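Coordinate analysis (summary)
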Amino acid sequence: MKTLLIALGVAAATSWSAYAAEPAKMVDTKVGKVMTTGNGMTLYTFDKDTKGKSNCDTDCLKMWPAFHAAAKSKAEGEWSLVKDAAGKEMWAYDGKPLYTYAEDKKAGDVKGDGVNGVWRRAK
């Protein structure tokens, strides 16, 4: 019985921490702090998006892949979920949908900042 209670406690703690974890993190780069995916890829916002809506179409998503949410992800606090052009859920922070950039090849790259005057690093 004691083993069962310990196992249930561990399972509850593990599932709660996974639920409560934010989908992105802040990282120091050569241009200052930026928001990144869990593996360190810089996240960007698109000036043409409206709060809570992605305006990056299917062609746009080829260069600016959506920061997709895992299945059963839940919005919490400043984090929300919006649909990309393909109808898949992606993360948004403070209502702004988040994207990565295809030209960023390694963690810490920020090549997408300022592209066409409408892409900004998320911070």
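Conventions used here
Residues numbered from 1 in each chain as written. Predicted model: local features only at pLDDT ≥ 70, side-chain atom pairs only at ≥ 80, totals over all residues. Heavy atoms only, no water. Buried < 20%, exposed > 50% of the residue type's maximum accessible area, 1.4 Å probe, protein only. Helix = DSSP H or I, 4+ residues; strand = E, 2+ residues; numbered from the N terminus. Polar contact = N/O pair within 3.5 Å; in protein donor to acceptor, adjacent residues only side chain to side chain. Contact = heavy atoms within 4.5 Å. Core = buried A, V, L, I, M, F, W, Y, C linked by side-chain atoms within 4.5 Å. Phe/Tyr/Trp six-rings, centres within 6.5 Å; stacked < 30°, edge-to-face > 60°.

As annotated in an unreviewed UniProt entry, the chain carries the name Lipoprotein with Yx(FWY)xxD motif and comes from Ensifer adhaerens.

Trans is the prevailing form of peptide bonds, just as negative phi is the prevailing case for residues other than glycine. Positive phi, close to 65 degrees, is recorded for K72, a residue that is not glycine. Judged by its relative accessible area of 77%, K72 is exposed. In this structure, N116 takes a positive phi of about 55 degrees despite not being glycine. Mapped onto the secondary structure, N116 falls in the loop between β6 (96-97) and β7 (119-121).

Okay, the side chain of T37 next. Structurally, T37 is set in the loop between β2 (32-36) and β3 (44-46). With relative accessibility at 8%, the residue T37 sits in the buried group. A polar contact is formed between the side chain of T37 and the side chain of N39, at a distance of 2.4 Å. Non-local contacts of T37, meaning those with residues more than four positions away in its chain, are made with K25, L43, F67 and T100.

Another point: the environment of D59. Note that D59 resides in helix α2 (residues 58-63). In this structure, the C-alpha to C-alpha distance between D59 and A85, residues 26 residues apart in sequence, is 9.4 Å.

Once that is clear, we can look at the nonpolar core. Ranked by internal contacts, the top residues of the largest apolar core, which has 17 residues, are Y44, F46, C56, W64, Y99 and W119. With nine residues, the next largest nonpolar core counts A24, L43, W79 and L98 among its residues.

Overall, the coordinates contain eight aromatic pairs when judged by the stated rule. With a centroid separation of 6.2 Å and 75 degrees between ring planes, the pair formed by Y44 and Y101 is classed as edge-to-face. You can see Y44 sitting in strand β3 and its partner Y101 sitting in the loop between β6 and β7, a full 57 residues away along the chain. Each member of the pair, Y44 together with Y101, is buried. On the basis of an interplanar angle of 5 degrees and a centroid distance of 3.8 Å, the ring pair of W64 and W119 is categorised as stacked. Taken together, the residues span a long stretch of sequence, with W64 in the loop between α2 and β4 (79-83) and W119 in strand β7 at a distance of 55 residues.

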